[in-house]
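Okay, here's what each chain looks like letter by letter:
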Amino acid sequence: MLLQNKKVAIVGGGPGGLTLAKLLQLKGVDVKVYERSKDKSAVQQGATLDLHYESGLKALRECGLMEEFEKNYRPGADRLTITDQHAVVRFGEAEEGRIQDLNSEYARPEIDRGPLRDLLIKSLQDETIVWNAHCAELKKDGSRWELIFKNGTVADADFVIAADGANSKIRKYITDIQPVYSGITVLEGNIYNAAVNAPHLWELTNGGKVFALGGSKTIVLSAKGEGSLSFYTGTRETKDWVKASGIDFENKEQILAWFKQRFSDWSVDWQKVFLTDESYFVARPQYYFPVDQAWQALPDLTMIGDAAHLMPPFAGEGVNQAMQDALELYEALCMGDFSSLQEAIAAFEKKMCSRTSEVTVDTLLQTEALHSEDSLQYLLDMFNHFRS
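Cut-off values and rules
Residues numbered from 1 in each chain as written. Predicted model: local features only at pLDDT ≥ 70, side-chain atom pairs only at ≥ 80, totals over all residues. Heavy atoms only, no water. UniProt positions renumbered as here; feature names shortened; annotations may be inferred. Helix = DSSP H or I, 4+ residues; strand = E, 2+ residues; numbered from the N terminus. Buried < 20%, exposed > 50% of the residue type's maximum accessible area, 1.4 Å probe, protein only. Contact = heavy atoms within 4.5 Å. Areas by Shrake-Rupley, 256 points an atom, 1.4 Å probe, with all protein chains shown as cover. Lys, Arg positive; Asp, Glu negative; His and termini not counted. Charge placed at Lys NZ, Arg CZ, Asp CG, Glu CD. Salt bridge = Lys/Arg side-chain N within 4 Å of Asp/Glu carboxyl O. Expected span 1.5 Å × (residues − 1). Axes fitted to C-alpha atoms, helices over the stretch in contact; angles between N-to-C directions. Parallel < 35°, antiparallel > 145°, perpendicular 65-115°, else oblique. Left-handed = near helix turned anticlockwise from the far one by under 90°. Nonpolar A, V, L, I, M, F, W, Y, C, P; charged D, E, K, R; others polar. Phe/Tyr/Trp six-rings, centres within 6.5 Å; stacked < 30°, edge-to-face > 60°. Lys NZ or Arg CZ within 6 Å of the ring centre and 35° of its normal. 1 Å grid on protein atoms, 1.4 Å probe; cavity = no way out; pocket = protein on both sides within 12 Å on 5 of 7 lines; lining within 4 Å. Points joined across faces, edges and corners; volume = space filled by probe spheres on them. Patch = residues over 30% accessible without salt bridge, like charges linked within 9 Å, V, L, I, M, F, W, Y side chains within 5 Å. Arc of directions from axis to C-beta.

The name given to the protein chain in an unreviewed UniProt entry is Flavin-dependent monooxygenase, with the source organism recorded as Pedobacter cryoconitis. What the UniProt record of the protein chain gives under Catalytic activity (unreviewed entry) is the line "a tetracycline + NADPH + O2 + H(+) = an 11a-hydroxytetracycline + NADP(+) + H2O". Check the Sequence similarities (unreviewed entry) section of the UniProt entry for the protein chain; it says "Belongs to the aromatic-ring hydroxylase family. TetX subfamily."

What exactly am I supposed to notice about the overall build of the protein chain here?
Check the secondary structure of the protein chain and you find 12 helices and 17 strands. Looking at the protein chain as a whole, 55% of its 388 residues are labelled buried. For the protein chain, the proportion of contacts with a sequence separation of at least 24, taken over those separated by at least 6, is 73%. Entry remark: accessible area of the protein chain is about 17500 Å², with carbon and sulfur atoms responsible for 47%. A distance of 3 Å separates the average location of the 41 positive side-chain charges in the protein chain from that of its 56 negative side-chain charges.

It is not clear to me how the pattern of salt bridges should be interpreted in this structure. Could you clarify?
Between side chains of opposite charge, pairing is possible as soon as their charged atoms come close. Scanning all chains against the criterion turns up 16 salt bridges. Its salt-bridge partner being Lys71, residue Glu68 comes within 3.1 Å of it at the nearest N-O pair. A residue pair is termed a helical-turn pair when its members lie 3 or 4 positions apart in one helix, as Glu68 and Lys71 do in helix α3 (residues 66–72) at 3 residues. Among the residues examined, Glu68 registers a relative accessible area of 25% and is labelled partly exposed. Each of the salt bridges in this network shares a partner with another, and the network as a whole consists of Lys7, Arg144, Asp156 and Asp158.

Teacher, can you tell me more about helix α1 (residues 15–26) here?
Owing to its 3.6 residues per turn, the α-helix aligns residues three or four sequence positions apart on the same side. Between its first and last C-alpha atoms α1 spans 17 Å; for 12 residues at 1.5 Å apiece the expected length is 16 Å, and the two agree. Most of α1 sits out of view: 10 of its 12 residues are buried. Within α1, the full set of buried residues consists of Gly16, Gly17, Leu18, Thr19, Leu20, Ala21, Lys22, Leu23, Leu24 and Gln25. The positive-phi residue at the C-terminal boundary of α1 is Gly28, with phi of around 80°.

What am I meant to see in the packing of helix α10 (residues 318–334) against helix α11 (residues 341–370) here?
Packed helices, taken two at a time, are described by the angle their axes make and the gap between the axes. Interhelical geometry of α10 versus α11 gives an angle of 155° and a closest axis separation of 9 Å. It follows that α10 is roughly antiparallel to α11 by the angle criterion. Taken as a pair, α10 and α11 cross one another with a handedness that is right-handed. Where α10 approaches α11, its residues Gln321, Gln324, Asp325, Glu328, Leu329, Ala332 and Leu333 are matched on the opposing element by Leu341, Ala344, Phe348, Lys351, Met352, Arg355, Thr356 and Val359. By residue class, the composition of the contact of α10 with α11 is 8 nonpolar, 3 polar and 4 charged.

Would you mind going over the packing of aromatic side chains with me for this structure?
Given two aromatic rings, one states the distance between the centres and the angle between the planes to describe the pair. In the structure shown here, the tally under the stated rule is 17 aromatic pairs. When the centroid spacing of 5.4 Å and the interplanar angle of 50° are considered together, the rings of Trp241 and Trp258 count as tilted. You can see Trp241 sitting in helix α7 (residues 241–244) and its partner Trp258 sitting in helix α8 (residues 252–262), a full 17 residues away along the chain. Judged by relative accessible area, which is 9%, Trp258 ranks as buried. Members of the aromatic cluster, connected to one another through ring pairs, are Phe231, Trp241, Phe249, Trp258, Phe259, Phe263, Trp266, Trp270, Phe274 and Phe281. If you follow Arg171 out to its NZ or CZ, it ends over the ring of Phe289, 3.5 Å from the centre. Across the ring face of Phe263, the terminal group of Lys217 is positioned such that the distance to the ring centre comes to 5.6 Å.

Even after reading the chapter, I still don't get empty space enclosed by the protein, so can you show me in this structure?
Empty space among the atoms can be located by rolling a probe the size of a water molecule over them. Scanning all chains against the criterion turns up 1 cavity of 30 Å³ or more. Each pocket or cavity is described by its volume, and for the largest cavity that value is around 60 Å³. What lines the largest cavity is simply Phe289, Pro290, Val291, Gln293, His309, Leu310, Cys353, Thr356, Ser357 and Thr360. Broken down by element, the lining of the largest cavity gets its largest block of residues, 4 residues, from α11. Tallied by class, residues from the lining of the largest cavity come to 5 nonpolar, 5 polar and no charged.

I would appreciate a short explanation of a nonpolar patch on the surface in the present structure.
On the surface, a cluster of nonpolar side chains totalling about 230 Å² of accessible area is made up of Val291, Val361 and Leu365. Looking at the secondary structure, you find Val361 in helix α11.

For this particular structure, what's the right way to read the layout of surface pockets?
Space inside the second largest pocket adds up to approximately 190 Å³. For the second largest pocket, the full set of lining residues is Val43, Gln44, Asp112, Arg113, Gly114, Pro115, Asn190, Tyr192, Lys224, Gly225 and Glu226. Split by residue class, the lining of the second largest pocket holds 3 nonpolar, 4 polar and 4 charged.

Explain the packing of α1 against α10 to me, please; I cannot follow it from the model alone.
It is the contact of α1 with α10, at a shortest axis distance of 8 Å, that shows an interaxial angle of 25°. Accordingly, the angle class assigned to the pair α1 and α10 is roughly parallel. Taken as a pair, α1 and α10 cross one another with a handedness that is right-handed. Contacts from Pro15, Gly16, Thr19, Leu20, Leu23 and Leu24 of α1 reach α10 at Val319, Ala322, Met323, Ala326, Leu327, Leu329, Tyr330 and Cys334.

Can you walk me through helix α2 (residues 56–63) in this structure?
Residues of α2 that are buried: Gly56, Leu57, Ala59, Leu60 and Cys63. The buried residues of α2 occupy an angular sector of 160° when the element is viewed end-on, so they sit on one face. Trailing α2 by a residue or two, Gly64 shows a phi angle of about 75°, which is positive.

And the structure:
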């Protein structure tokens, strides 16, 4: 086996990195995951995740974790409501006829980020994850890599996989290809105890998701199992808007003032997301990597997930592509017929770039459509087509 007697380091403990670690451990590989979070109690920010049959769910099947997944996913959380900018419901999915069979190729079950992370962590061998290990840089030390962390500690490995997300510190050692701004910036937030702090919006989600569209803008709401409501706005902004706006994104009043102005053609119902102190907000300009990106494969370093193929969230593909990366990299390293690590990595990266190029194109088309003047009709037509 290509990884026999080799020490493997995965930088980043998100779903992609943890899935890869589990798969490698099934083959007896010596692997460590270096995760920047202080410990496993760190709150998982962001909306619920819908896993797809051919990618995220397929990876979990290979991990032998579908039984645990079935204990933790949230039936009905994939229920979608579409509203206009005045919070008037224009489409609502009924419970009848919904896909309950997780073995169906059309299944899109939802799971909160925390439970998904926790079930993956639980499946790993003790002390696989090194917490509070935010990798700042790599250095070559003979035939090995030295990993240098922000807390002053170091580690070494024969083979490093970057799974450290959109702001990867490792990607630059593989390629200098830079991300491209999509034209859309998201303001992400979370309302805790939403039934009390935003009761109307909590009721509107009906335990699932809401897509609200109008005026070339979007708001997406997602109910979470612990009673919070995650959301993100989508607006067309300049590339430097986050800094140029002068907004302190830790200041609720400043954010609300921006929202009232930017969404002045929307009903006041949506302002409820900014009216509680039990919340957080963060601005995220949406980037993607060029669809024709390619680089020369290295013999001991590669990357998966957002570090490799960042894209906006409007097609729900991020986590699924990361977990499929993990599965395909594992297959190349442990089950492929390659004569060297570099050959296996090159084959994996070529396949990954081809697959995610297509997904990025589709995601950008979806992102553009959801922020167009006729976005509401576009989405209604799409779901009415599916329903028919």
